[in-house]
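# Residue-level structural notes
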Amino acid sequence: MTTAQTQELDVQPSPLALLLLGREADPRSERGVECPGDLPSPSDPDLVARARAAKEKLGDKVFVLGHHYQRDEVIQFADVTGDSFKLAKDAAARPEAEYIVFCGVHFMAESADILTTDDQKVVLPDLAAGCSMADMATAEQVAECWDVLTEAGIAEQVVPVSYMNSSADIKAFTGKHGGTICTSSNAKRALDWAFEQGEKVLFLPDQHLGRNTAVRDMGMSLEDCVLYNPHKPNGGLTTEELRAAKMILWRGHCSVHGRFSLDSVNDVRQRIPGVNVLVHPECRHEVVAAADYVGSTEYIIKTLEAAPAGSKWAIGTELNLVRRLANRFAPEGKEIVFLDKTVCFCSTMNRIDLPHLVWALESLAEGTLVNRIEVDKETEAFAKLALERMLALP
């Protein structure tokens, strides 16, 4: 069809098409739009100097958080680095900072807004820096799931446990229904607590962390777990399957960690004799079962810090972090490689680049607040309740 024919038909892009093109925003989703204003060119040689100048001008008014998966050009300007929950807590510990610039993704900035004071303003340099995993569970879908559990007569027995990698709406749902939040470090403690409160757990939104924790760390069987698919009637499950399950896993996953396969593990063992395979618990169950070590991002870092010189490691997590660790420990004679032969960055995390960071810092230095992430008070109250339950875990 020619352009002229298309114009004659008066074809208009749908809202979904505009959303995918980045020209519209869905306020109930982690997707966003390109940040407004003029951005410096990515090849601008003055970017580093401009970022330093803007940050120096802001002084103690700004506190920059850098997630481990950020690229080096951004992480160099972070006042602290860490995983999502550590960074949110770091922000809460700096009440004197008027601006919290979160170099991460949308749900992380939401968590920082929930935990900081009303006077502090959380800024995400690019609103389109979302999380595919968090996007796999919407408030409407989870509410419908709860209706399914209610109709099956088991909702009163179910305690929701939501991974930190979820939207504020999902955290609020969790708090409202007596559940708690977990991280990859404390998932077992959160599940132990949940099974003291009820007979079943609805685990959101990462199926792999839920399954790996239940089976690997708690001794459950794979048959104790069922997978709830929000795109199928009744989640694709029968009432009998729901009633028999201990773990009701949401059909969600991390697009980075989910790509690692058993073939990846077998291949690296053949290529590098004596290699230690160290993976994140967001990986598939068969990958975790075949690995030598499994743990959170902080666990991965600490394990490599303690590793002997000359040891060899294949790491199953985001490439920016793996590359940074490989460079850091190379002088100690530690060989560190990416588990998969195919390079894979977290594409949404990588939307936070130096041009966006410079634009955000310079705007703030000029007195213009941009890309503020603000959670409404009701959502914040219930989400904070779920987070407080996690903080109170033994």
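Residues numbered from 1 in each chain as written. Predicted model: local features only at pLDDT ≥ 70, side-chain atom pairs only at ≥ 80, totals over all residues. Heavy atoms only, no water.

### Details of the environment of D192
Put simply, the test is: By the criteria applied, helices consist of DSSP H or I runs no shorter than four residues and strands consist of E runs no shorter than two, each listed in order from the N terminus.
Turning to its location among the elements, D192 is positioned in helix 10 (residues 187-197). D192 sits 26 residues away from M218 along the chain, and the two C-alpha atoms are 8.5 Å apart.

### Details of the packing of helix 6 (residues 106-115) against helix 18 (residues 377-391)
Each pair of packed helices can be summarised by the angle the axes make with each other and by the distance between the axes. Put simply, the rule is: Helix axes are fitted to C-alpha atoms over the stretch in contact, other axes to C-alpha atoms as well, and angles between N-to-C directions run from 0 to 180 degrees. We call two directions roughly parallel when the angle between them is under 35 degrees, roughly antiparallel when it is over 145, roughly perpendicular when it lies between 65 and 115, and oblique otherwise. When checking whether two residues touch, look at their non-hydrogen atoms; a contact exists if any pair is within 4.5 Å. Lys, Arg, Asp and Glu make up the charged group, whereas Ala, Val, Leu, Ile, Met, Phe, Trp, Tyr, Cys and Pro make up the nonpolar group; the residues left over, Gly among them, are polar.
At a closest axis distance of 10 Å, the pairing of helix 6 and helix 18 adopts a crossing angle of 90°. In this view, helix 6 runs roughly perpendicular relative to helix 18, as classed from their interaxial angle. For the pair formed by helix 6 and helix 18, the contact residues are D113, I114 and L115 on the first element and E380, A383, K384 and L387 on the second. Considering only residue class, the contact of helix 6 with helix 18 consists of four nonpolar, no polar and three charged.

### A closer look at helix 3 (residues 47-58)
The criterion, for reference: Expected helix span is taken as 1.5 Å per residue step, with the number of steps being one fewer than the number of residues. Relative accessibility under 20% of the residue-type maximum defines a buried residue, over 50% an exposed one, and the middle range a partly exposed one, all with a 1.4 Å probe and only protein chains included. Here the arc refers to the directions that run from the helix axis out to each C-beta atom.
An ideal rise of 1.5 Å per residue puts 16 Å on 12 residues; helix 3 measures up with 17 Å between its terminal C-alpha atoms. When we look at burial in helix 3, the residues that qualify are L47, A51, A54, K55 and L58. Take helix 3 and look down its axis: the buried residues cluster within an arc of 95°, on one side only. Of the exposed residues in helix 3, the ones pointing more than 90 degrees away from its buried face are R52, E56 and K57. In the segment just after helix 3, G59 is the residue with positive phi, at about 60°.

### Some remarks on the pairing of strand 8 (residues 225-228)
The following threshold applies: Strand pairing follows a simple DSSP-based rule, namely that at least 2 bridges must link the two strands. The handedness of a crossover follows from its direction of travel: if, with the strands pointing away from the viewer, the path from the first strand over the helix to the second runs clockwise, the crossover is right-handed.
Here four bridges tie strand 8 to strand 9 (residues 247-250), and the two strands are oriented parallel to one another. By the bridge assignment, C225 is partnered in strand 9 with M247. Crossover connection from strand 8 via helix 12 (residues 239-244) to parallel strand 9: handedness right-handed.

### Quick look at the packing of aromatic side chains
For clarity, the threshold we go by: Centres within 6.5 Å make a pair out of two Phe, Tyr or Trp rings, where for Trp the six-membered ring is used; the pair is then stacked when the planes are under 30 degrees apart, edge-to-face when over 60, and tilted otherwise. Sitting over a ring, as applied to charges here, requires NZ of Lys or CZ of Arg to be within 6 Å of the ring centre and within 35 degrees of the ring normal.
Summed over the entire model, instances satisfying the criterion amount to four aromatic pairs. Summarising the aromatic geometry, the rings of F260 and F338 are spaced 5.4 Å apart at their centres and angled 65° between planes, so their arrangement reads as edge-to-face. Here F338 lies in strand 13 (residues 335-338) and F260 lies in the loop between strand 9 and helix 13 (262-271), a separation of 78 residues in the sequence. Among the residues examined, F260 registers a relative accessible area of 0% and is labelled buried. A cation sits over an aromatic face here: R94 above F63, 4.2 Å from the ring centre.

### Here's the deal with the pairing of strand 9
Where burial is concerned, the two faces of strand 9 agree: the one with M247 and L249 and the one with I248 and W250 are both buried. Both strand 7 (residues 200-204) and strand 9 contribute to a ladder of three bridges, which runs parallel. Bridge pairing links F203 to L249 in strand 9.

### As for helix 6
Burial runs high along helix 6: 10 of the 10 residues are buried. If you check which residues of helix 6 are buried, you get H106, F107, M108, A109, E110, S111, A112, D113, I114 and L115.

### Observations concerning the side chain of H68
Quick reminder of the rule: Under this definition, polar contacts are N or O atom pairs within 3.5 Å; protein pairs additionally need one hydrogen-donor-capable and one acceptor-capable atom, and for neighbouring residues in sequence, both atoms have to be side-chain atoms.
The topology assignment puts H68 in the loop between strand 1 (62-67) and helix 4 (72-75). Only 3.0 Å separates the side chain of H68 from the side chain of E298, close enough to count as a polar contact. The residues contacting H68, other than those within four sequence positions of it, are T81, G82, D83, T297, E298, I301, L321 and R324.

### Notes on the sheet that holds strand 6 (residues 180-182)
Ordered in space as 6-5-7-9-8, the five strands form an open sheet in which the pairing is parallel. Looking at which strands have only one partner, the edges of the open sheet turn out to be strand 6 and strand 8. On average, each strand axis in the sheet is inclined to that of its neighbour by 25°, with strand direction left out of account. Most of the contacts of helix 10 go to strand 5 (residues 158-163), to which it runs at about 165°, and overall it touches strand 5, strand 6, strand 7 and strand 9.

### A short note on the side chain of D113
Selection criterion: The charge count includes Lys and Arg as positive and Asp and Glu as negative, but it does not include His or the ends of the chains. Each reported salt bridge corresponds to a side-chain nitrogen of Lys or Arg within 4 Å of a carboxyl oxygen of Asp or Glu.
Tracing the backbone through its elements, the reader meets D113 in helix 6. An unpaired buried charge is present at D113: no salt bridge exists, and R372, the closest side chain of opposite charge, is 4.9 Å distant. Polar side-chain contacts of D113 include one of 2.9 Å to the backbone nitrogen of V375. Apart from residues lying up to four places away in sequence, D113 is in contact with V122, I373, E374, V375 and E380.

### Overview of the confidence of the model for the protein chain
We apply this condition: Per residue, pLDDT measures the predictor's confidence, with a range of 0 to 100.
Averaged over every residue, the pLDDT of the protein chain is 89; the share at 70 or more is 89%. Confidence drops under pLDDT 50 across residues 1-37; counting only partners more than four residues distant or on other chains, this segment forms 46 contacts.

### Here we look at the pattern of salt bridges
Here the structure, examined in full by the defined rule, presents 18 salt bridges. In this structure, the salt-bridge partner of E332 is K334, at a minimum N-O distance of 2.9 Å. Overall, the relative accessible area of 5% leaves K334 in the buried class. Among the ionic contacts, a cluster of salt bridges with common partners joins K61, E98 and K121.

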